[in-house]
Amino acid sequence: ATENAKAAPGPPRLNLVFMGQGEPLLNYDNVLSAFRILADTRGVGIPASRITLSTAGVVPGIERLGREAHRPRLAVSLNARTDEIRTRIMPINKKWPIAELLRACREYPLRPGEKVTFEYVLLAGVNDSIEHARELARLVRNLSCKINLIGWNPGPELGFQTTSDDDIRAFQAELRERGVANYLRLPRGRDFYAACGQLSLASQGGV
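Fair warning: this is a prediction, and the values are worked out from it, not measured in the lab.

(A) Molecular detail of the pairing of strand β2 (residues 51-55). With five of its five residues buried, β2 lies for the most part within the structure. Across three bridges, strand β1 (residues 16-18) lies against β2 in parallel orientation. Its bridge partner being in β2, Leu16 is matched across the sheet by Ile51. As for the winding sense of the linkage, the β-α-β connection from β1 through helix α1 (residues 28-39) to β2 is right-handed. Crossover handedness for the path β2 to helix α2 (residues 59-66) to strand β3 (residues 73-77): right-handed.

Here is the structure:
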């Protein structure tokens, strides 16, 4: 290369999440193998800090992941403040209820500047009231975490409704008032059933 040659552009800033393809912690060895290839500079070269593994709450898998020297960030689908509600919308809660799940998250060895991400899908009349926000803040108050708020993507025959924009903003404000970092994930593709969860429904003949 000559002295005046321009440096080659680096890789684009990518954020990659293992989700939507089955529970990654039930396919642990293959997922970690894929992560190592993606993060290796001889592979894809995505920094580990930009790769996240999202789990429905497989506690033994969370504990195992925490023992890895080189691993992705952790995100957990929480979605409720009580076992009754979470079991209704996430049957996995029967095996690993909220208290056990949060215990594993509290014991998870975080690196400097790292936080556990909790994903919380807002369902109208189910888990989206101000009282739910207060209880959620109490649940996570001793955790280094942030919460991703996700509006439900409606589809026929699923039995849930989307929380209104005003109620989402009120829920978000209540969490912030109580010192809980949270972010609202904007939906894309709802109008033609291409948002998260809707493509699966369509493939099963629900749309």
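(B) Representation of the packing of α2 against helix α4 (residues 98-107) within the structure. For the pair α2 and α4, the least separation of the axes is 10 Å and the interaxial angle reads 5 degrees. For the element pair α2 / α4, the angle class is roughly parallel. Packed against α2, whose contacting residues are Val59, Ile62 and Glu63, the element α4 presents Glu100, Leu101, Arg103 and Ala104 at the interface. Per-class residue counts for the contact of α2 with α4 are four nonpolar, no polar and three charged.

(C) Fine view of unusual backbone geometry. With phi around 70 degrees, Asn79 is a residue other than glycine that occupies positive phi space. Looking at where Asn79 falls in the secondary structure, it is placed in the loop between β3 and α3 (83-89).

Definitions and cut-offs
Residues numbered from 1 in each chain as written. Predicted model: local features only at pLDDT ≥ 70, side-chain atom pairs only at ≥ 80, totals over all residues. Heavy atoms only, no water. Buried < 20%, exposed > 50% of the residue type's maximum accessible area, 1.4 Å probe, protein only. Helix = DSSP H or I, 4+ residues; strand = E, 2+ residues; numbered from the N terminus. Pairing = 2+ DSSP bridges. Right-handed = clockwise from strand over helix to strand, strands pointing away. Axes fitted to C-alpha atoms, helices over the stretch in contact; angles between N-to-C directions. Parallel < 35°, antiparallel > 145°, perpendicular 65-115°, else oblique. Contact = heavy atoms within 4.5 Å. Nonpolar A, V, L, I, M, F, W, Y, C, P; charged D, E, K, R; others polar.

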